[in-house]
Structure formats: C-alpha cells, structure tokens
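# Topology and contacts: notes
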Amino acid sequence: MTATTYRAFADALRSQRVWDRALPGFDVSAVPEQPVALFHEWFVSAVEAGQEEPHTMTLATVDAEGLPDVRTLMLHDADDNGWHFASHVTSAKGRQLAARPGAALHFYWPAVARQIRVRGRVSAGGPGAIRSRGALAAALTGRQSEVLDSVETLVRASETAWERAGAEPDAVAPTWTAYVLDPEEVEFFQGDAMRRHVRLRYRRAASGGWTRELLWP
C-alpha cells in the first residue's frame, strides 16, 4: 500500500456523510405482534423510497473451525415460516448450514436509514425456485465456492449453462436447494440524525408468541 493510495482512501472515507436528510419515524407503540408483518411494511416503504435492491441481504454462518462467514444473497420470500433463500447445498454456506444450522440475516436500507437483523435456525427444503434464465444458468453452472483455475473456464461453463437454460427453462439444478430461516429474534433499527436510534427487538416466547423490547442504541 502506498501513501498516496491510503491518503485517497482516507479522504474518501472522511468525506462520507450519514443520514443528513429527512428520515421516517418509528412509532414502536403501533407495531404488529408478528415481526414478519413489520418486515413487510418496512420492505414496501424501502421500495417506495427508491431503495435499490432491497431484497439483497447478508447471511452469516459459522464454519467447521467456529469462524464466522458472511456473504450477500437474495431474499426469495418472508412469511409465517420464516425468511427464504436458496443456494447450492454443496457450497460453503450449504455445508456450513448442514453442520451448524444457526445463522443470521441482515438487511440495510440506507434510503430510509433502516436495518433489520434476523437470527434463528435454518432448515433445507426441496429444490430452490429459479425465476429467470440468468438465475437458472447460474444454478446450472454450479461448483459454487470451489477453486477455479481460470476466468476462461468459468466463461465456457457459463455459456453452456446459458444455452441449456434457454433450451430447457424447467431444467433442474440438482444441488440448488431452498432454505428457510426460522427466527428466534428479529431486530428493527431506525436510524436518527441525532444518533437517537430506535431499536426494537422481537424475541420468541416459550408460548410461541413474541415479546417486544427496546434496546439502547
């Protein structure tokens, strides 16, 4: 790292500003009993506010050595069963979830200064839903997380997968699997320009319902 490169980074970092605009409020006295219902409301608000790709989320897992691992992927659904996504069962995340199903999700929507954290256990279902030719081609390419010898190898495999996805739109990617995270905790964070952030946490009760509590920011 050169001094010039670091100086450019440091200047760019210090020039950033956070939430210097009007932000939505968060009335914690009027929230629904179920966290997924509030998630639906916040997701729609983020879309209406122009948030790009609000369906992207971070998934955190733990590997065989107990080290955390994290990546960004797409949300497929959120319902009474939990938060749904898909991946290859043979991928790093697939192997980690098979060994240790505890995981966490994180959504960040800067357009509205909101974050959502979800923690719970993940279970694997059947074949994951594939909604587009590009997604099918990616699934058919497979070998996710394996070592790649060259970009050219990837290009050739991808071209073959794209051709098959076009010719066989219902083709099945054998290792592509649906997952659902059944939440034990869900936290909703509303940012505030005065740093008086509002944090509301839902925790699953022994009765099967949910308790709600505020957290210090």
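As a reminder, the structure under discussion sits directly above these lines.
These notes cover the structure that comes with them. (Residues numbered from 1 in each chain as written. Predicted model: local features only at pLDDT ≥ 70, side-chain atom pairs only at ≥ 80, totals over all residues. Heavy atoms only, no water.)

### A few points about the nonpolar core
Phe39, Trp83, Phe107, Ile116 and Phe188 are the most contacted members of the largest nonpolar core, which has 30 residues in total. For this core, the secondary structure elements donating two or more residues are helix 2 (35-48), strand 1 (56-62), strand 4 (82-88), strand 5 (102-109), strand 6 (114-127), strand 7 (176-190) and strand 8 (198-204). With five residues, the single largest contributor to this core is helix 2. Not counting residues up to four positions away in its chain, the partners in contact with Phe39 are Leu75, Ala78, Trp83, Phe107, Trp109, Ile116 and Phe188. Membership of the second largest hydrophobic core comes to ten residues, among which are Ala139, Ala161, Ala171 and Ala173. (Core = buried A, V, L, I, M, F, W, Y, C linked by side-chain atoms within 4.5 Å. Buried < 20%, exposed > 50% of the residue type's maximum accessible area, 1.4 Å probe, protein only. Helix = DSSP H or I, 4+ residues; strand = E, 2+ residues; numbered from the N terminus. Contact = heavy atoms within 4.5 Å.)

### A word on the layout of surface pockets
Where empty space is left in the structure can be found by rolling a water-sized probe over the atoms. The space that makes up the largest pocket amounts to roughly 730 Å³. Of all the secondary structure elements, the ones that give two or more residues to the lining of the largest pocket are strand 2 (68-74), strand 4, helix 4 (133-141) and helix 5 (151-167). Of the residues belonging to the lining of the largest pocket, the class tally is 16 nonpolar, eleven polar and six charged. (1 Å grid on protein atoms, 1.4 Å probe; cavity = no way out; pocket = protein on both sides within 12 Å on 5 of 7 lines; lining within 4 Å. Points joined across faces, edges and corners; volume = space filled by probe spheres on them. Nonpolar A, V, L, I, M, F, W, Y, C, P; charged D, E, K, R; others polar.)

### Describing the pairing of strand 5
Every second residue of strand 5 is oriented toward a common face, the buried set being Ala103, Leu105, Phe107 and Trp109 and the non-buried set Gly102, Ala104, His106 and Tyr108. Of the strand pairs in this sheet, strand 1 and strand 5 are connected by three bridges, and their pairing is antiparallel. Paired with Ala60 across the strands is Ala104, a residue of strand 5. The pairing of strand 5 with strand 6 spans eight bridges and is antiparallel. Considered in strand 6, the bridge of Ala104 is made with Arg119. (Pairing = 2+ DSSP bridges.)

### Here we look at a nonpolar patch on the surface
The grouping of Met1, Tyr6, Phe9 and Leu13 at the surface amounts to a nonpolar patch, some 510 Å² of accessible area in total. Residue placement: Phe9 occurs in helix 1 (residues 3-14). The partly exposed category is assigned to Phe9, whose relative accessible area is 47%. (Patch = residues over 30% accessible without salt bridge, like charges linked within 9 Å, V, L, I, M, F, W, Y side chains within 5 Å. Areas by Shrake-Rupley, 256 points an atom, 1.4 Å probe, with all protein chains shown as cover. Salt bridge = Lys/Arg side-chain N within 4 Å of Asp/Glu carboxyl O.)

### A word on the side chain of His88
Looking at the element boundaries, His88 is found in strand 4. A distance of 2.7 Å separates the side chain of His88 from the side chain of Thr175, its partner in a polar contact. (Polar contact = N/O pair within 3.5 Å; in protein donor to acceptor, adjacent residues only side chain to side chain.)

### Side note on the environment of Val198
Mapping Val198 onto the fold places it in strand 8. C-alpha separation for the pair Val198 and Leu215, spaced 17 residues apart in sequence, amounts to 7.5 Å. Ignoring anything within four residues of it in the chain, the contact list for Val198 reads Phe26, Val28, Phe188, Phe189, Gln190 and Leu214.

Bear in mind that shape data such as this cannot, by itself, settle questions of function.
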